[in-house]
Amino acid sequence: MLENNSSYKNIIYPFFILISVMLSIYLGTLARNEWKENQYIGKSDKFAYTLNISGSGKVFALPDIASVSLGLKIEKKTVSEAQEESTKKMNKLNEELKKINIAKEDISTTQYTVYPVYDWTEGKQILRAYSVDQNTTVKIRNFENIPKVLQLIGILELNQVGGLQFNVEDNEKFQGEARLKEIKDTKIKPEI
């Protein structure tokens, strides 16, 4: 009879311990959640008094500068051959741009990359050539020069061309004017 009683205790005690641990975790979680909800005692979720301020200001400006990206991709058997041809053509581009009164500071190299080009034949990678990619961004201040700059694409056989954009060079001046209009347009609405 004692043996049955001790085996009964061996089963019941671990069960009570497990239930006690689970109950402690549950109560601890509830207490933590209650504490987090009330950690700002005395503060309201909503503000009693608010001010809503809104306004807008727009300024329109005609573009006074254009920019375009002109470039070249050359593939040759060796890196030096590709670089040599790319350099010759890009130097020629710079010379032609200067002839049409594009200032040196308005011509900037924006990309120059050299990498191998591979072909896949029968599941194998075979080196075909080396590629040199070079791009220059040109700012055009006199819009009458835009057609002359674009003609150079065909004359020099450029093959990386894009991004003709018209912009306002002194953006900050117009942003300031827009901010002043926004301030004049401001509406203040108090809410209680």
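Computed from a predicted structure; not experimentally measured.

Explain the packing of aromatic side chains here, please?
Two measures describe an aromatic ring pair: the distance that separates the ring centres and the angle between the ring planes. Evaluation of the coordinates by the stated rule reveals 1 aromatic pair. On the numbers, 5.4 Å between centres and 80 degrees between planes, the contact of F143 with F166 is edge-to-face. With F143 in the loop between β4 (124–140) and α3 (146–155) and F166 in strand β5 (residues 160–167), this pair connects stretches of sequence that are 23 residues apart. Assessed through its relative accessible area of 31%, F143 is described here as partly exposed.

Any chance you could explain the pattern of salt bridges here in plain terms?
Think of it this way: side chains of opposite charge can pair up when their charged atoms draw near. Inspection of the entire model under this criterion finds 10 salt bridges. Between K89 and E157 there is a salt bridge, and its shortest N-O distance comes to 3.5 Å. Placement of K89 in helix α2 (residues 79–99) and of E157 in the loop between α3 and β5 is noted, with a sequence separation of 68 residues between them. Under the relative-accessibility criterion, K89 is labelled partly exposed at 22%. E157 gets classed as exposed once you look at its relative accessible area, which sits at 56%. Across the pair R141 and E169 runs a salt bridge, and its minimum N-O distance is 2.6 Å. Here E169 lies in the loop between β5 and α4 (171–184) and R141 lies in the loop between β4 and α3, a separation of 28 residues in the sequence. Looking at E169, the relative accessible area reads 44%, which means it is partly exposed. Connected through shared salt-bridge partners, K76, E85, K89 and E157 make up one network.

What is the right way to look at the nonpolar core in this model?
One broad rule of soluble globular proteins: the nonpolar side chains tend to lie buried together. Counting residues in each nonpolar core, the largest one holds 20 residues, and the members touching the most others are L70, L93, L97, I102, V138, I140 and V149. Those elements giving two or more residues to this core turn out to be β2 (65–76), α2, β4 and α3. The element best represented in this core is β2, accounting for 5 residues. Beyond its immediate sequence surroundings of up to four residues, I102 is in contact with L97, I107, V138, K139, I140, N145 and V149.

I tried to follow the sheet that holds β5 on my own but got confused; where do I start?
Backbone-to-backbone hydrogen bonds pair the strands of a sheet. The strands run either parallel or antiparallel. Within the open sheet, the 4 strands sit side by side as β3-β4-β2-β5. Their pairing is antiparallel. Because the sheet does not close on itself, it has two edges, and the strands there are β3 (107–121) and β5. Across this sheet, the average inter-strand angle for adjacent strands is 15 degrees, counted without regard to direction. Both β3 and β4 contribute to a ladder of 14 bridges, which runs antiparallel. Looking across to β4, one finds that V114 is bridged to V132. Sheet strands touched by α3: β2, β4 and β5. Its angle to β2, the strand with the most contacts, is close to 10 degrees.

Would you take a moment to explain the environment of V168 for this structure?
By the element assignment, V168 lies in the loop between β5 and α4. Taking C-alpha positions, V168 is 6.0 Å from I65, a pair spaced 103 residues apart along the chain.

Sorry if this is basic, but what is going on with the environment of F166 here?
Judged by its relative accessible area of 43%, F166 falls in the partly exposed class. Placed 100 residues apart in sequence, F166 and A66 show a C-alpha to C-alpha distance of 4.4 Å. Apart from the residues lying within four places of it in its own chain, the contact partners of F166 are P63, I65, A66, F143 and I146.

It is not clear to me how α2 should be interpreted in this structure. Could you clarify?
Residues that lie three or four places apart on an α-helix share one face, since the helix turns once every 3.6 residues. With 21 residues, α2 extends 30 Å from end C-alpha to end C-alpha; this agrees with the ideal 30 Å at 1.5 Å per step. The set of residues buried in α2 consists of A82, S86, M90, L93, E96 and L97. Across the axial projection of α2, the buried residues extend over an arc of 115 degrees, all falling on one side. Along α2, the residues that are exposed and aim more than 90 degrees away from the buried face are K88 and K99. Structurally, α2 contributes buried residues whose contacts are with β2, β3, β4 and α3. Just beyond α2, the residue with positive phi is N101, at close to 65 degrees.

Thresholds applied
Residues numbered from 1 in each chain as written. Predicted model: local features only at pLDDT ≥ 70, side-chain atom pairs only at ≥ 80, totals over all residues. Heavy atoms only, no water. Phe/Tyr/Trp six-rings, centres within 6.5 Å; stacked < 30°, edge-to-face > 60°. Helix = DSSP H or I, 4+ residues; strand = E, 2+ residues; numbered from the N terminus. Buried < 20%, exposed > 50% of the residue type's maximum accessible area, 1.4 Å probe, protein only. Salt bridge = Lys/Arg side-chain N within 4 Å of Asp/Glu carboxyl O. Core = buried A, V, L, I, M, F, W, Y, C linked by side-chain atoms within 4.5 Å. Contact = heavy atoms within 4.5 Å. Pairing = 2+ DSSP bridges. Axes fitted to C-alpha atoms, helices over the stretch in contact; angles between N-to-C directions. Expected span 1.5 Å × (residues − 1). Arc of directions from axis to C-beta.

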